[in-house]
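Per-entry structural report
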Amino acid sequence: MIFILFISFAIETLAVEVPTSIRAERAIASVEPALKKELSNLGLKYGAPVFIRIFKDPGVLEVWVESADGTFIAFKSYDICTFSGNLGPKLKQGDNQSPEGFYFVNAGRLNPWSSYHLSFNLGYPNKYDRVHGRTGDALMVHGNCVSIGCYAMTDAYMNEIYALGVAALKAGQPFFRVHIFPFRLESATLAKYNAHQWHFFWLNLKEGYDYFNSHKRPPNTEVFNRNYVFGP
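Residues numbered from 1 in each chain as written. Predicted model: local features only at pLDDT ≥ 70, side-chain atom pairs only at ≥ 80, totals over all residues. Heavy atoms only, no water.

A look at the overall build of the protein
- Helices and strands together make up the secondary structure of the protein, namely six helices and twelve strands.
- Radius of gyration (C-alpha) of the protein: 18 Å, near the 17 Å computed for a compact globule of 232 residues.
- Classification of the 232 residues of the protein by burial places 48% in the buried group.
- Working note: accessible area of the protein is about 11400 Å², and carbon and sulfur atoms make up 57% of it.
- Positive and negative charge centroids in the protein, built from 22 and 20 side chains respectively, lie 2 Å apart. (Helix = DSSP H or I, 4+ residues; strand = E, 2+ residues; numbered from the N terminus. Rg over C-alpha atoms; globule rule 2.2 N^0.38 Å. Buried < 20%, exposed > 50% of the residue type's maximum accessible area, 1.4 Å probe, protein only. Areas by Shrake-Rupley, 256 points an atom, 1.4 Å probe, with all protein chains shown as cover. Lys, Arg positive; Asp, Glu negative; His and termini not counted. Charge placed at Lys NZ, Arg CZ, Asp CG, Glu CD.)

Observations concerning the sheet that holds strand β8 (residues 140-142)
- Spatially, the five strands line up as an open sheet ordered β4-β9-β8-β7-β6, and their pairing is mixed. Where the open sheet ends on each side, the last strands, each with one partner, are β4 (82-83) and β6 (110-111).
- The sheet contact formed by strand β7 (residues 119-121) and β8 spans three bridges and is antiparallel. The residue bridging Asn121 from the neighbouring strand is Met140, located in β8. (Pairing = 2+ DSSP bridges.)

Topic: the packing of aromatic side chains
- Under the counting rule described, the total for this entry stands at 21 aromatic pairs.
- Residues Phe102 and Phe181 carry aromatic rings whose centres are separated by 5.8 Å and whose planes lie at 80° to one another, so their mutual orientation is edge-to-face. Of this pair, Phe102 sits in strand β5 (residues 101-105) while Phe181 sits in strand β10 (residues 176-181); the two residues are 79 residues apart in sequence, bridging distant segments of the chain. The exposure classification of Phe102 matches that of Phe181, with both residues buried.
- Each ring, one from Phe183 and one from Tyr193, has its centre 4.6 Å from the other, and the planes form 20°; the classification is stacked. Taken as a pair, Phe183 in the loop between β10 and α5 (187-191) and Tyr193 in the loop between α5 and α6 (199-215) lie far apart in primary sequence, ten residues in all.
- Exposure remark for Phe183: the relative accessible area of 3% places this residue in the buried category.
- We note Arg109 situated over the ring of Phe104; from NZ or CZ to the ring centre the distance is 4.4 Å.
- Directly above the aromatic system of Phe212 lies the positively charged group of Lys216, at a separation of 5.8 Å from the ring centroid. (Phe/Tyr/Trp six-rings, centres within 6.5 Å; stacked < 30°, edge-to-face > 60°. Lys NZ or Arg CZ within 6 Å of the ring centre and 35° of its normal.)

Remarks on the state of the cysteines
- In total, this model carries one disulfide according to the counting rule given.
- Linked covalently through their sulfurs, Cys81 and Cys145 form a disulfide whose S-S length is 1.5 Å. Highlighted residues: Cys81 in the loop between β3 (72-79) and β4 and Cys145 in the loop between β8 and β9 (151-152), separated in sequence by 64 residues.
- Summary of cysteine pairing: Cys150 is not part of a disulfide, and the nearest cysteine sulfur, belonging to Cys145, is at 13 Å. (Disulfide = S-S within 2.5 Å.)

A look at the nonpolar core
- Ile52, Ile54, Leu61, Phe120, Val141, Leu164 and Val178 are the most contacted members of the largest nonpolar core, which totals 43 residues.
- Elements that contribute at least two residues to this core include exactly α2 (22-41), β1 (50-55), β2 (60-66), β3, β5, α4 (155-170) and β10.
- Among the elements that take part in this core, α4 stands out by supplying nine residues, more than any other.
- With residues near it in sequence (within four places) discarded, Leu61 still touches Ile52, Arg53, Ile54, Lys76, Ser77, Tyr78, Ile80, Val141, Met153 and Ile161.
- Core analysis: the second largest hydrophobic core is formed by 14 residues, Phe55, Leu185, Trp198 and Leu205 among them. (Core = buried A, V, L, I, M, F, W, Y, C linked by side-chain atoms within 4.5 Å. Contact = heavy atoms within 4.5 Å.)

Some words on the sheet that holds β10
- What the five strands build is an open sheet, ordered β3-β2-β1-β10-β5; its pairing is mixed. Strands at the two margins of the open sheet, each flanked by one partner only, are β3 and β5. If you compare each strand with its neighbour and ignore which way they point, the axes differ by 20° on average.
- With seven bridges joining them, β2 and β3 adopt antiparallel strand pairing. (Axes fitted to C-alpha atoms, helices over the stretch in contact; angles between N-to-C directions.)

Here we look at the environment of Gly172
- Within the secondary structure, Gly172 sits in the loop between α4 and β10.
- A relative accessible area of 24% places Gly172 in the partly exposed class.
- Between the alpha carbons of Gly172 and Pro49 there is a distance of 8.2 Å; along the sequence they are 123 residues apart.

What to know about the pattern of salt bridges
- Per the stated rule, a full pass over the model turns up nine salt bridges.
- We note a salt bridge from Glu38 to Lys76, for which the minimum N-O separation is 3.0 Å. Residue Glu38 is located in helix α2, and its partner Lys76 is located in strand β3; the two are separated by 38 residues in the primary sequence.
- The salt bridge involving Lys206 is made with Asp210; its shortest N-O contact spans 3.2 Å. Separated by four residues within a single helix, Lys206 and Asp210 lie in helix α6, roughly one turn from each other. (Salt bridge = Lys/Arg side-chain N within 4 Å of Asp/Glu carboxyl O.)

None of this, on its own, says anything about what the molecule does.
See the structure below:
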């Protein structure tokens, strides 16, 4: 009995306190039944860990969900309503550029009271950005379909993305990763940008892109010698 109580307590402590609002609760309730059914049809569970990839070109946000064998399965792709700037990373405050790189979202980065329906903060600048002297803040994925450096979705799409993230965090995922790329970093595509000013930066991003494609699990991401490095 003591062992069972200990396990029960341990499971409860895995769950995190997730900020909420009436708006967020209503948004989640409006999409939760359909999401549960769609996930079940794919053999996936609502509340399982999630992973997000964003591609500026063609303007898509992908949500991947962890399966029973530990690999991540593509669940849904959402058209991005709008983002700011061009291909390439964000460099400084006020450049109206949406970031590229490797970010993560924990419960503290959720904003259920957002002026842009619902949002979560990407955590820009991350360690890599800071090492390179990049500045800026409040870079989000949010609703309301307007952007000044953020990735803006329709409110309907944001309801689903937000609900999936909240469910995963409540179930014990400490944070979900968000990987942002200029485009799909296949070798043939990247070769077309050999002369681009961000070609070497994108080669570094490609290492993380390839890791996920090979392992179907997002890599742990660190920074060493001013570059991203990746591992289990």
